[in-house]
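Structural characterization, general
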Amino acid sequence: MLVIDAHCHAATFYYEPIESALDTMLRNGVEKALLIPLSEGVDSLNAYLIECMRRFPGRFSVVATVDAHRPDAPERLQEWATHGAEGVRLSPSDPLAIWQKAAELGLVVSLRRRVEDTASDNFRRTVESLPDLNIVIEHLGCRREDTTPPYRMYRRVLALAQYPNTFMKVPGLGEICPRPARFPRPSTPFENIPPVIEMAMDAFGARRLMWGSDFPHVAEREGYGNCLRLLIEHVVKSEEDREWMFRKTAATLFRFGE
């Protein structure tokens, strides 16, 4: 099965350069990745990710970053779209003007994980007002502390699935489970896994979910290969669902230079 990673970071001054990301991908059977900026409004980050996309044709798509609160933010976003960015990373509370510009440009929004804002009525109204703008909620839209019953805030995030232009990224189990003190079962180290991925599957369906490793942060958790393997082997049971979550959904939203 060909795999697409929908959430990967790379940089030269922090984290790891693109060569490390590409090597990790190839060693784990991951064909393409969506490059996500690690900070807001830094032009050098956008420029580096665009360069990576051009150096490795067909491997990467780029999500740009802008300072959404600057008066010229819409114009800056248009410039990065001209350079080849297919998306923009925004926060739920960013000004409506930048959301409207993203919709006008046909970009995809990769939505930062700010749970209270994502679950707010204000953000719901933003989604309602832009039905043609595809919005991908990062990291299941929740933090580890939101993955305990009764999942009040998380259920409010999942309610956004009622809008067909919303999607969600599924991270590894290490993002939603604490690191074990001991590893009695190396093949499946996590116990008492909260049902948040299953809840996302019920709300969105596999055709609106996509896997995102969060490279290189995933190395501090279960590791890149285990992140992928554990989800495939122990969480996503249906072969058809795997095809969508690990490849097809991302491929319907991003061209990856093709």
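Each remark here, short or long, concerns the structure printed above.
We now turn to the structure provided with this report. (Residues numbered from 1 in each chain as written. Predicted model: local features only at pLDDT ≥ 70, side-chain atom pairs only at ≥ 80, totals over all residues. Heavy atoms only, no water.)

Turning to the overall build of the chain, a few remarks are in order. Scanning the chain from terminus to terminus reveals ten helices and eight strands. On C-alpha atoms alone, the chain measures out to a radius of gyration of 17 Å, which is about the 18 Å that the 2.2 N^0.38 rule sets for 258 residues. Across its three principal axes, the chain shows a C-alpha extent of roughly 55 × 40 × 30 Å. Here the chain, with 258 residues, has 56% of them falling under the buried criterion. Restricting to contacts in the chain with at least 6 residues of sequence separation, those with at least 24 account for 75%. (Helix = DSSP H or I, 4+ residues; strand = E, 2+ residues; numbered from the N terminus. Rg over C-alpha atoms; globule rule 2.2 N^0.38 Å. Buried < 20%, exposed > 50% of the residue type's maximum accessible area, 1.4 Å probe, protein only. Contact = heavy atoms within 4.5 Å.)

Looking only at helix α1 (residues 18–27), the buried set comprises I18, A21, L22, T24 and M25. End-on, the buried residues of α1 take up no more than an arc of 160°, which puts them together on one face. On its buried face, α1 sits against β1 (3–8), β2 (30–35), α2 (43–55), β3 (60–64) and α9 (224–234). (Arc of directions from axis to C-beta.)

Here we come to the packing of helix α3 (residues 73–82) against helix α4 (residues 96–105). Packing of α3 against α4 brings their axes to within 9 Å, and their N-to-C directions diverge by 30°. Judged by the inter-axis angle, α3 sits roughly parallel to α4. Here α3 runs over α4; the crossing is right-handed. Taken together, the residues of α4 that come into contact with α3 (itself represented by A73, P74, L77, Q78 and A81) are A97, I98, K101, A102 and L105. Classifying every residue of the contact of α3 with α4 gives eight nonpolar, one polar and one charged. (Axes fitted to C-alpha atoms, helices over the stretch in contact; angles between N-to-C directions. Parallel < 35°, antiparallel > 145°, perpendicular 65-115°, else oblique. Left-handed = near helix turned anticlockwise from the far one by under 90°. Nonpolar A, V, L, I, M, F, W, Y, C, P; charged D, E, K, R; others polar.)

Attention now moves to the pairing of β3. Burial of β3 is extensive: five of the five residues sit out of reach of the surface. The alternating pattern of β3 places F60, V62 and A64 and S61 and V63 on opposite faces, both of which are buried. In terms of strand pairing, β2 meets β3 through three bridges, oriented parallel. Paired with L34 across the bridge in β3 is S61. (Pairing = 2+ DSSP bridges.)

This paragraph deals with the state of the cysteines. A covalent bond bridging the sulfur atoms of two cysteines is what the word disulfide describes. Inspection of the entire model under this criterion finds zero disulfides. Free of any disulfide, C142 has its nearest neighbouring cysteine sulfur in C177, separated by 11 Å. Classification of C177 by relative accessible area gives buried; the value is 1%. (Disulfide = S-S within 2.5 Å.)

Structurally, T24 is set in helix α1. Within the local environment of T24, its side chain forms a polar contact with the backbone oxygen of S20, the two atoms lying 2.9 Å apart. Not counting residues up to four positions away in its chain, the partners in contact with T24 are F215 and Y224. (Polar contact = N/O pair within 3.5 Å; in protein donor to acceptor, adjacent residues only side chain to side chain.)

So, on to the packing of aromatic side chains. Applying the stated rule across the entire model yields seven aromatic pairs. Centre to centre, the rings of F56 and F60 are 6.3 Å apart; their planes meet at 80°, and the pair counts as edge-to-face. Between F215 and Y224, the aromatic rings sit 6.2 Å apart at their centres with planes inclined by 80°, giving edge-to-face as the arrangement. By relative accessible area, Y224 is classed as buried at 7%. A network of ring pairs unites the aromatic residues W211, F215, Y224 and F246 as a single cluster. (Phe/Tyr/Trp six-rings, centres within 6.5 Å; stacked < 30°, edge-to-face > 60°.)

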